[in-house]
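# Structural overview for review
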Amino acid sequence: MTELEWGLPVVAKYVFGGLSMGAFVTYYLWQGFGLKTFRPLAKLAWISAAVFGLVIPIPIFSHLGQAGRWPELLLNFHWTSPMSWAAPILVVYLVSVLLNGRFFFHDDVVLAHRSAKGVRRIALRILLLTRPPEGQLPERSRFGLRITGGLAFLSVLFFGYTGLELGILGSHPLWANPINPAMFLITNVISGAAFVVLLWMGLEWPRRRAASAEEKAVLASPILPLLIGVFLGLNLFVYLTLSYAAPAVQDAVAVLETGELSLIFLWVGLVLGAAVPAMMLVGNARLTVPRASVAGAAAVLILIGSFAQKYGFVAGGQIATLAPAEVSPWPSTGQVVEFLAILALVYFLFQVALWLSPWRQMSPMPGDVSPAAEVTA
Amino acid sequence: MVQEDRKGRTSSSGLSRRELLTRGTIAIVGAAATSSLLLSPTVQAQGETHAKYYDNFPRRSEMEHRWAMVIDLRRCVGCRACTVACKSENGVPEGVFRTWVRYEEIGAYPDTRPRYLPLFCNHCDNPPCVPVCPVLATYKRDDGLVLIDYEKCIGCGYCIQACPYGARHLNPAQKTADKCTLCVHRLEAGEKPACVATCIGGALTVGDLNDPSSEVSRLLAAIPVQTLKPEQGTDPMFFYVGLDGRILEVSG
């Protein structure tokens, strides 16, 4: 038995990419679309998008046989290979997200820089890029914030290339599906938003006795269950369609429906990781005071489910075309250790980011409307 | 101006919370669905897309050579000498193969008989492995051979996934994609590929389709042949004699 050609590192690339773009969409719901419900999440959402964005290249490099030749990816862009789109999309995404954060956190970082000492002060100075203003903070231009935010959101939409990477492969009946980009985009948004909600509750909730109206609105938001509903509907449509396709395609679908991967894809990925949390979130939203514990449990299930869906889909697509004895659908010990090491790095980066950034300061953020302005309007 | 929704909640962008919620969701789901719809023709009309991709390649008549192989399954005895010769000639590492022979038993006991299917890279006319290579390391030569630039390949495995015949593998020694080259070094020296030279049953015949007097051209003119997985639209340059429907479905 051999390992899957595309195993855990490829799944990790999809998972971390999804978490990053999902977190950015959560941030952009406030910063770009002005949805006040997501205001309390905005800073943590941006931090999550940046941290997960920074680790996306790691599983990519670990997967490549000749990682040292990565510049070839930048030099050989062509339309016929969705994988060659990755380099420009990821570069534009990461650069615009990081620059966007510079504009978004500017005032907070300036204030933090003034009071910081030692290494933190140096780090904050570097993050500011330009010389920090002295005295009263000047009126900020929102041009940079809007441009970089819009560019990052646009590149998020192009993240559908990950689904297309698999979707154009006619050699794998399970993958050869034009709806893949939409499925990947939606599941990415769901997982990223769930992570941000979980992080926010983990950091903020122990400090509070009662949830504010703003926080209750987050827990009662219909966006997450709505997107899960759309995702499940697309899954149902795709698999029902494929179940009546050619025999080879039916065999491929059977791998996920009843085969060795049905536990991880169908039961953990779709039922436990999507249908159950959707019901939990809908039920929670109907309570007078939504429970943080229910939302937290739902977010954990969504994250587990998102990983399981991606692993099941990537592995299932490959073993469906091979004889069962040829390849194991499960990751090797080395791959698992590598994945855990990346998770440890993610944890470390979050610690650094939370230590550096003034994310707890709820100073007016770009996009905030002061109470006075609302009254006069 | 700041608007209010039914519950009196306002939004800084002048839209009610409900409107913004709806627009945001529509933006995400709509963009995702639109991108799928826009991209779906690429998948459905893959043959057409690839044909356009190869428009720049010289037409058959303009090429000096057009290498092809005929595999006569009636003559294959399953000795696997081709596999061994290929390994030896090309220094193929342990655990992977450029050429291999699939063994099957057909019929119902006690009336069974063995059947052998030698498998190679099919050097397709419309190779799905070439356009997906993100660094353009795999390419199709004017003489029809699909080759890999081992100095450029990053070992991402995309071509391995794209090949419907399972003909490619990741070479564990050089950490790049690898596959049958039809012993291009021997062909260019005027010799037959190692597998062809060693085949004890004479089941393998390689030759130039542009030469009407070549053995391959004469065999193709005289005997009905089939290719593997014709529904994939890859137009293989390896032709099998004696394939039946069941083998047509065989995967790599």
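Since this is a predicted model, take the numbers as computed values, not measurements.

## With respect to the overall build of chain A
In terms of regular secondary structure, chain A is built from 17 helices and zero strands. Taken over C-alpha atoms, the radius of gyration comes to 22 Å for chain A, in line with the 21 Å a tight globule of 377 residues would show. Intrachain contacts of chain A at a sequence separation of at least 6 include 79% that bridge at least 24 residues. Here chain A displays about 16,000 Å² of accessible surface, and carbon together with sulfur accounts for 69% of that area.

## Description of helix H12 (residues 223-243) of chain A
Along an α-helix, residues three or four apart share an orientation, since each turn contains 3.6 residues. With 21 residues, H12 of chain A should reach 30 Å at 1.5 Å per residue; the first-to-last C-alpha distance of 30 Å fits that figure. When we look at burial in H12 of chain A, the residues that qualify are Ile223, Leu224, Pro225, Leu227, Ile228, Phe231, Leu234, Asn235, Val238, Tyr239 and Leu242 of chain A.

## Regarding the sheet that holds strand S10 (residues 204-208) of chain B
Residue and element names in this part refer to chain B. Judged by pairing direction, the sheet is mixed, and its three strands sit side by side in the order S10-S3-S11 without closing on themselves. Each end of this open sheet is capped by a strand with a single partner; those strands are S10 and strand S11 (238-241). Adjacent strand axes in the sheet meet at a mean angle of 20°, parallel and antiparallel pairs treated alike. As defined by bridge partners, strand S3 (residues 67-72) adjoins S11 across four bridges and the pair is classed as parallel. Bridge pairing in S11 links Ile71 to Tyr240.

## What to know about the pairing of strand S5 (residues 111-119) of chain B
Residues and elements named next belong to chain B. Looking at chain direction, strand S4 (residues 100-108) and S5 are connected through nine bridges and run antiparallel. The residue of S5 that forms the bridge with Val101 is Pro118. If you look at the hairpin formed by S4 and S5, you'll find two residues sitting between the two strands.

## With respect to unusual backbone geometry
Residues and elements named next belong to chain B. A cis amide bond, omega 5°, links Tyr109 with the succeeding residue Pro110. With respect to the secondary-structure elements, Pro110 resides in the loop between S4 and S5. The backbone of Arg80 shows a phi angle near 65°, a positive value even though the residue is not glycine. One non-glycine residue, His123, adopts positive backbone phi at about 40°. As for its position among the elements, His123 is in the loop between S5 and helix H4 (129-132).

## Some remarks on the pattern of salt bridges
All names here are of chain B. What the rule picks out here adds up to twelve salt bridges over all chains. With a closest N to O distance of 3.2 Å, Arg186 and Glu89 form a salt bridge. With Arg186 in helix H6 (residues 184-188) and Glu89 in helix H3 (residues 81-90), the pair connects residues that are 97 residues apart, well separated along the chain. A salt bridge links Glu191 to Arg186; the shortest N-O distance between them is 3.7 Å.

## A word on helix H13 (residues 247-257) of chain A
Residues and elements named next belong to chain A. Within H13, burial applies to Val249, Ala252, Val253, Val255 and Leu256. Take H13 and look down its axis: the buried residues cluster within an arc of 140°, on one side only. Seen from the open side of H13, the exposed residues pointing more than 90 degrees away from its buried face are Pro247 and Asp251. Where H13 is buried, its residues contact H12, helix H14 (262-285) and helix H15 (292-319).

## Topic: the packing of helix H2 (residues 42-55) of chain A against helix H16 (residues 333-356) of chain A
Each pair of packed helices can be described by the angle between their axes along with the distance between the axes. All names here are of chain A. One way to put it is that H2 packs onto H16 with a least axis distance of 10 Å and a crossing angle of 140°. In terms of orientation, H2 lies oblique with respect to H16. The chirality of how H2 crosses H16 is right-handed. Across the interface between the two elements, Leu44, Ile47, Ser48, Val51, Phe52 and Val55 from H2 touch Leu345, Val346, Leu349, Phe350, Ala353 and Leu354 from H16. Considered class by class, the residues forming the contact of H2 with H16 number eleven nonpolar, one polar and no charged.

## A closer look at the state of the cysteines
Residue and element names in this part refer to chain B. As enumerated under the stated definition, the model contains zero disulfides over all chains in all. Free cysteine: Cys124, not disulfide-bonded; nearest cysteine sulfur from Cys121 at 6.3 Å. Here Cys129 is not disulfide-linked; the sulfur of Cys163 is the nearest cysteine sulfur, at 6.3 Å. The class of Cys129 is buried, set by a relative accessible area of 7%.

## Digging into the confidence of the model for chain B
All names here are of chain B. Of all residues in chain B, 72% have pLDDT values of 70 or greater, and the mean over the chain is 80. Throughout residues 1-14 the model reports pLDDT below 50, and contacts reaching past four residues in sequence, or to other chains, amount to 29 contacts. Scored below 50 in pLDDT, residues 246-252 makes 27 contacts in the model with residues more than four places away or belonging to other chains. Model confidence for the complex: the whole-complex pTM is 0.84, and ipTM, which rates the interface, is 0.89.

## Quick look at the pairing of S10 of chain B
Of all five residues in S10 of chain B, five are buried; the element is thus mostly enclosed. With burial as the criterion, each face of S10 of chain B is covered, one bearing Leu204, Val206 and Asp208 of chain B and the other bearing Thr205 and Gly207 of chain B.

## Some words on the nonpolar core
Grouped together as the largest cluster of nonpolar side chains are 140 residues, with contacts concentrated most on Phe16 and Phe24 of chain A. Broken down by element, this core gets its largest block of residues, 16 residues, from helix H1 (residues 8-31) of chain A. Dropping the residues within four chain positions of it, Phe16 of chain A is found in contact with Phe52, Val55, Ile56, Pro59, Phe339, Ile342, Leu343 and Val346 of chain A. In terms of nonpolar packing, the next biggest core, distinct from the first, is built from 32 residues, Ile71, Leu117, Leu119 and Val206 of chain B among them.

## Notes on the packing of H1 of chain A against helix H8 (residues 143-157) of chain A
All names here are of chain A. Running from amino to carboxyl end, H1 crosses H8 at an angle of 140°, the nearest separation of the two axes being 10 Å. Relative to H8, the element H1 lies oblique. By crossing handedness, the relation of H1 to H8 is classed as left-handed. In this structure, H1 contributes Met21, Phe24, Val25, Tyr27, Tyr28 and Gln31 to the contact, and H8 contributes Leu145, Gly149, Gly150, Ala152, Phe153 and Val156. Residue classes in the contact of H1 with H8 are distributed as nine nonpolar, three polar and no charged.

## What to know about the environment of Leu234 of chain A
All names here are of chain A. Looking at where Leu234 falls in the secondary structure, it is placed in helix H12. In this structure Leu234 comes out as buried when scored by relative accessible area, which is 18%. Considered as a pair, Leu234 and Ala182 are 52 residues apart in the sequence and their alpha carbons are 8.8 Å apart. Excluding its chain neighbours within four sequence positions, the residues that come into contact with Leu234 are Ile179, Met183 and Ile186.

Parameters and conventions
- Residues numbered from 1 in each chain as written.
- Chains lettered and ligands numbered in written order.
- Predicted model: local features only at pLDDT ≥ 70, side-chain atom pairs only at ≥ 80, totals over all residues.
- Heavy atoms only, no water.
- Helix = DSSP H or I, 4+ residues; strand = E, 2+ residues; numbered from the N terminus.
- Rg over C-alpha atoms; globule rule 2.2 N^0.38 Å.
- Contact = heavy atoms within 4.5 Å.
- Areas by Shrake-Rupley, 256 points an atom, 1.4 Å probe, with all protein chains shown as cover.
- Expected span 1.5 Å × (residues − 1).
- Buried < 20%, exposed > 50% of the residue type's maximum accessible area, 1.4 Å probe, protein only.
- Pairing = 2+ DSSP bridges.
- Axes fitted to C-alpha atoms, helices over the stretch in contact; angles between N-to-C directions.
- Salt bridge = Lys/Arg side-chain N within 4 Å of Asp/Glu carboxyl O.
- Arc of directions from axis to C-beta.
- Parallel < 35°, antiparallel > 145°, perpendicular 65-115°, else oblique.
- Left-handed = near helix turned anticlockwise from the far one by under 90°.
- Nonpolar A, V, L, I, M, F, W, Y, C, P; charged D, E, K, R; others polar.
- Disulfide = S-S within 2.5 Å.
- pLDDT = per-residue confidence, 0-100.
- Core = buried A, V, L, I, M, F, W, Y, C linked by side-chain atoms within 4.5 Å.

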